[in-house]
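# Architecture at a glance
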Number of protein chains: 2
Amino acid sequence: MRAAQRLLEYAAQEGVTACFANPGTSEMHLVAALDAVPQIRPILCLFEGVATGAADGFGRMAANPALTLLHLGPGLANGLANLHNAYRARTPILSLIGEHATFHRDNNPPLATDIEALARPVSAWLKTTTRAEAIVSDAALGLRAARRDGPASLILPADIAWSDIEPDTPGASADHSPAPDRHSKIDSAAQALGARTVVLLGGRRLSARACAAAQRIAEKTGAQVYVETFPTRIERGGGGAPLRRLPYLSEMASGLLANAETIILAGATKPVAFFALPGRPTELAPPEAALIELFPPFGDPTEVLEALAEAVGAGSRHILTAATTAGAVDSNAPLDASGLSAALAATLPEGAIVSDESNTLGLYAFDAAAGAPPHDWLTLTGGAIGQGLPLATGAAVACPNRRVVALQADGSALYTIQALWSQAREGLNVTNVILNNGAYAILKLEMMRAGINAQTEAAAALFDLQRPSIDFTEIAQGFGVPAQRVTTVDELSAALRRSFATPGPSLIEAMFK
Amino acid sequence: MRAAQRLLEYAAQEGVTACFANPGTSEMHLVAALDAVPQIRPILCLFEGVATGAADGFGRMAANPALTLLHLGPGLANGLANLHNAYRARTPILSLIGEHATFHRDNNPPLATDIEALARPVSAWLKTTTRAEAIVSDAALGLRAARRDGPASLILPADIAWSDIEPDTPGASADHSPAPDRHSKIDSAAQALGARTVVLLGGRRLSARACAAAQRIAEKTGAQVYVETFPTRIERGGGGAPLRRLPYLSEMASGLLANAETIILAGATKPVAFFALPGRPTELAPPEAALIELFPPFGDPTEVLEALAEAVGAGSRHILTAATTAGAVDSNAPLDASGLSAALAATLPEGAIVSDESNTLGLYAFDAAAGAPPHDWLTLTGGAIGQGLPLATGAAVACPNRRVVALQADGSALYTIQALWSQAREGLNVTNVILNNGAYAILKLEMMRAGINAQTEAAAALFDLQRPSIDFTEIAQGFGVPAQRVTTVDELSAALRRSFATPGPSLIEAMFK
């Protein structure tokens, strides 16, 4: 049996069901092996950034990691930006990266490059397989690392993939390392809780139960609770705790934390600014504030938060607030951030998954949707734009019975617009809402924050997307996704409802005033 | 004066005239500085792979390197694949890569990653500026290295770019290292020339004079002459030497080299297979053949080839063969590779620049165009697909009075399709010919060459671009480029003539049978 086939059989046996692929010549035997392993669904992506972003969306929503299949160093390179986001999200992914045959590498053929160097900065685990007999044990190590820590990269030389090996080549033994004891941290967190304490939530998945526990802790102790600025995944709505995120603008975030004596990190990392700007803070917590890491960013802090709630006598029941019944949105007002948010909150179906790369235009959408039916919200964890459409694509593969909504800023959409085609091919239930204001609006804001108040001529040109204007409706149709433009709040609401009721993908180009 | 401005002033003084940019917050002071340095034209690209590919096209055609302006590690990552191609082409480029402020880096903010690790595999030169006062001398070193060796990467922390420095901070002193002596190699090459000698041409630029000298050498000595498989830039047509390229298929290439006793490398590297495949050669020259490196791959081998021609008594005059007068192409035949080639050869205007990423469909186009008026031909030097449209974009910025033709396979076009928008915005004279056969045709071929003769079901799905079919005409229009579909040879000829006569970009979607 070819080693390539043995590898895929092992992955299937471990629960892998999807492979986001853009293969090339050096991956031919992996492509051929897919036929023998029908449990793994190959999904062709027209660009590798779509494949890695989709694997991120899949991994955030599914019980098991997806594979990516990438072509040598340049194929990996095209996928790096979204692997960076996945690395920051700690999403379980196993990337299979083709490499030249071991005996060809020293010839330095045109496509040769240092694949390990490129992969290392975005890999929680990295290995180049050096013997065909090790392919299953390497995959086992990679899958285990992916589940524990985030993206894993397995580099496979072509001649190793095409080698014949024994069908029963064993995998690695299971990981029996004991879970770390968090008891002492619960005690110290419980002692620290009070009006000058901030609980910062994060981690790979923030469950509705975790959010409810945090909310109960806040109500009992007077502590403030925030979700980290860009959470990997948060379950919310349906009357669950309407938690706020720590604001993106560092001056606002540091203001909210200014009085904190203690910051309890439950899955979140120490709060820092996204960017340094002249004269603005980069560490958001006061220097004298104590930090308690209640739970590391690699998993699900639900149990620890529930234990902490019990420890402070905040009960263990879920307290559901009444779901906000959003009023009908019926307005001929031109679209702006609040109109968009209202339309979304009023229409979002139960079980929706929101992929949020809305940048400036989606400012209020998260808060507005807090009262909508239960849904998941996924954000841009690593700041590498071009995540939203691929992430939505992968989430829709993972959850075929749920509606995915991509809230997508126009400039960022254009980095990985090819995702639309994979949505059309696979018939995925994705509603792509392109927020078209014809600009890199966030950069105009950042320019001012950098102290450059008069917008310069160069900046006016480099932040503008209107000369010529971009027609996302035509582009979407070119990729096989039905699309329409809307200009008012009620047109948007109607288009959203229609899309939610129609299987398969669609694109709504929301023209902002 | 801000260090960012001093840097750009120095670059302008050194002849830099273009900056292909996709900046972010950490590059704001470089953006603002562009206003003060109007000699450098900022060209916004919607995706970094467009910026780096355009800088490659610019650098292949212009006297001076272009800048790229990239946003941190993820922005660089998006540009890596085309920097890989530029690195293989040895194109002079100076990439300015933003980095977090020095005092913010240790906070490990979301966008932080190891930029040097990502840049190193594609950089002939690499430096992170550590003091504002060194910004000009670092840029001087980078520009010098770019001119000599290929892509240079200068990483600029934001606080260094926004620091104030003295306006007259000096650059580095000029490079006075002597040119290497090639005399002895001319003698040994002259002695080796004969019927069992192959001269392999390559380098950064193959001038018409270099090709003519090689042709004279072949006629005088009986040697065979080939251009390397993927030349960076070759000047041809207009009755110049109709040289053939070494074929891409390793079995064909090794057949042509099978009887060679000596291979003279004039700007080319040792011929090797693009990929290893089971049972096929990876070194294309016979193991016993002697290799003589007449000229390294970093420059222009014209003078050395002319000296060699003189040394073997092959004269020094340019011998122009009669230009082939291409017959009128007037056929209702459906498009195939030979019809495309005939239409192109019959219509190509004098001074055209062809960016060739046509893969399987352009197989005959290079040979067919040998008799066309004088033109330059640029190819996919590093095998990282998605080069063609950006390369054409940059070549058109470098040469505004010449017509650029992008011969572009459909699958590859979709990696960097956003290039069309920059063409529209800048009003560039680019004719984009998309060769639409609805497939990754080259992969079907490679699958057979890999010994997998029955196309597997997975491969049939992963190499197919027809479910749904992609409408490049709509996509182009969405990006602001006028477009049309053609299905026959005469429709294509007419569309080419119309495009060549019309200023600005256009796209022709050539539907292959």
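Residues numbered from 1 in each chain as written. Chains lettered and ligands numbered in written order. Predicted model: local features only at pLDDT ≥ 70, side-chain atom pairs only at ≥ 80, totals over all residues. Heavy atoms only, no water.

With that settled, consider unusual backbone geometry. Along the chain, Arg467 of chain A connects to Pro468 of chain A via a cis peptide bond; the corresponding omega equals -5°. Position of Pro468 of chain A relative to the elements: it lies in the loop between α18 (457-462) and α19 (472-478). Here Arg90 of chain B, not a glycine, exhibits a phi torsion of approximately 60°, which is positive. In this structure, Arg90 of chain B sits in the loop between α4 (72-89) and β4 (93-99). For Asn108 of chain B, which is not glycine, the phi dihedral falls at a positive 55°. We classify Asn108 of chain B as partly exposed; its relative accessible area is 43%. (Helix = DSSP H or I, 4+ residues; strand = E, 2+ residues; numbered from the N terminus. Buried < 20%, exposed > 50% of the residue type's maximum accessible area, 1.4 Å probe, protein only.)

Ranked by size, the top nonpolar core spans 210 residues in total, and within it Phe20, Ile40 and Leu96 of chain A together with Phe20, Ile40 and Leu96 of chain B carry the most contacts. In this view, Ile40 of chain B contacts Leu8, Ala11, Ala12, Val16, Thr17, Ala18, Cys19, Leu34 and Leu67 of chain B; residues no more than four positions away in its chain are not counted. Counting residues in each nonpolar core, the second largest holds 56 residues, with Ala213, Ile264, Val354 and Leu361 of chain B among its members. (Core = buried A, V, L, I, M, F, W, Y, C linked by side-chain atoms within 4.5 Å. Contact = heavy atoms within 4.5 Å.)

This part is about the environment of Ala311 of chain B. Residue and element names in this part refer to chain B. Looking at the secondary structure, you find Ala311 in helix α11 (residues 302-311). Assessed through its relative accessible area of 46%, Ala311 is described here as partly exposed. Along the primary structure Ala311 and Gly480 are separated by 169 residues, whereas in three dimensions their C-alpha atoms are 55 Å apart. Among all residues touching Ala311, those that are not within four sequence positions of it are Ile186 and Ala190.

A separate point is the side chain of Ser422 of chain B. Residues and elements named next belong to chain B. Residue position: Ser422 is located in helix α16 (residues 419-426). Taking the relative accessible area as the measure of exposure, Ser422 reaches 0% and is therefore buried. Separated by 2.8 Å, the side chain of Ser422 and the backbone oxygen of Leu44 make a polar contact. In this structure, Ser422 is in contact with Leu44, Cys45, Leu46, Val50, Thr393 and Leu428, ignoring residues within four places of it in sequence. (Polar contact = N/O pair within 3.5 Å; in protein donor to acceptor, adjacent residues only side chain to side chain.)

In this section: the relation of the copies chain A and chain B. The relation between the two copies of this chain is a rotation about an axis and a shift parallel to it. Of the transformation superimposing chain A on chain B, the axial component is 0.0 Å and the angular component is 180°, with the fit at an RMSD of 0.0 Å. Taken together, the turn and the small shift mark the pair as related by a two-fold rotation axis. Of the C-alpha atoms belonging to chain A, the one lying closest to the rotation axis is found on Ile475 of chain A, 2.2 Å away. Mapped onto chain B, 100% of the interface residues of chain A are again interface residues, and the two copies thus contact each other with one and the same surface. (Least-squares fit on C-alpha atoms with pLDDT ≥ 70 in both.)

A few words on the pattern of salt bridges. Residue and element names in this part refer to chain A. In total, this model carries 46 salt bridges over all chains according to the counting rule given. A salt bridge links Glu261 to Arg196, with the nearest nitrogen and oxygen atoms 3.4 Å apart. Placement of the pair is Glu261 in the loop between α10 (250-257) and β11 (262-266) and Arg196 in the loop between α8 (183-192) and β7 (197-201), with a sequence separation of 65 residues. Residue classification places Glu261 among the partly exposed residues on the basis of a relative accessible area of 46%. Here Arg196 falls in the partly exposed class, since its relative accessible area comes to 44%. A salt bridge links Glu283 to Lys270, with the shortest nitrogen-to-oxygen separation between them at 3.1 Å. Highlighted residues: Glu283 in the loop between β11 and β12 (290-295) and Lys270 in the loop between β11 and β12, separated in sequence by 13 residues. The exposure class of Glu283 is partly exposed, given its relative accessible area of 43%. Salt bridges here are not isolated pairs; linked through shared partners, they connect Arg205, Arg233, Glu235, Asp376 and Arg402. (Salt bridge = Lys/Arg side-chain N within 4 Å of Asp/Glu carboxyl O.)

Attention now moves to the interface of chain A and chain B. Contacts between the two partners involve 91 residues from chain A, matched on the other side by 91 residues from chain B. Between chain A and chain B, roughly 7600 Å² of surface is buried when both sides are summed, and carbon and sulfur atoms account for 66% of that area. At the surface where chain A touches chain B, the tally comes to two salt bridges. Across the salt bridge formed by Arg425 of chain A and Asp464 of chain B, the nearest N and O atoms sit 2.6 Å from each other. For the pair chain A and chain B, the number of links is 36 residue pairs in polar contact (both at pLDDT 80 or more). Here the side of chain A that touches chain B gets eight residues from one element, more than from any other, and that element is helix α4 (residues 72-89) of chain A. Tallied by class, residues from the side of chain A that touches chain B come to 54 nonpolar, 24 polar and 13 charged. (Buried area = accessible area lost by both parts, 1.4 Å probe. Nonpolar A, V, L, I, M, F, W, Y, C, P; charged D, E, K, R; others polar.)

Before going further, it helps to examine the pairing of strand β18 (residues 506-511) of chain B. Residue and element names in this part refer to chain B. When you tally the buried positions in β18, you get five out of six residues, the bulk of the element. Bridge count between strand β16 (residues 430-436) and β18: six bridges; the pairing is parallel. Counted as the bridge partner of Leu435 is Ala510 from β18. In this structure, strand β17 (residues 483-486) lies alongside β18, joined through four bridges in parallel fashion. Residue pairing in the sheet places Arg485 in a bridge with Glu509 of β18. (Pairing = 2+ DSSP bridges.)

Relative to the helices and strands, Arg120 of chain B resides in the loop between α5 (115-119) and β5 (125-128). With 33 residues separating them along the chain, Arg120 of chain B and Ser153 of chain B place their C-alpha atoms 8.3 Å apart.

This brings us to the sheet that holds strand β2 (residues 41-44) of chain A. Residue and element names in this part refer to chain A. Taken together, six strands build an open sheet; the order of strands is β2-β1-β3-β4-β6-β5 and the sheet is parallel. Both outer strands of the open sheet, β2 and β5 (125-128), are each paired with one neighbouring strand and no more. The mean angle between the axes of side-by-side strands here comes to 20°, regardless of whether they run parallel or antiparallel. Of the strand pairs in this sheet, strand β1 (residues 18-22) and strand β3 (residues 66-70) are connected by four bridges, and their pairing is parallel. Paired with Asn22 across the two strands is Leu70, which belongs to β3. Packed on one face of the sheet, α4 meets β3 and β4 (93-99) and runs near 165° to β4. (Axes fitted to C-alpha atoms, helices over the stretch in contact; angles between N-to-C directions.)

Fair warning: the whole summary comes from geometry, so function is off the table for now.
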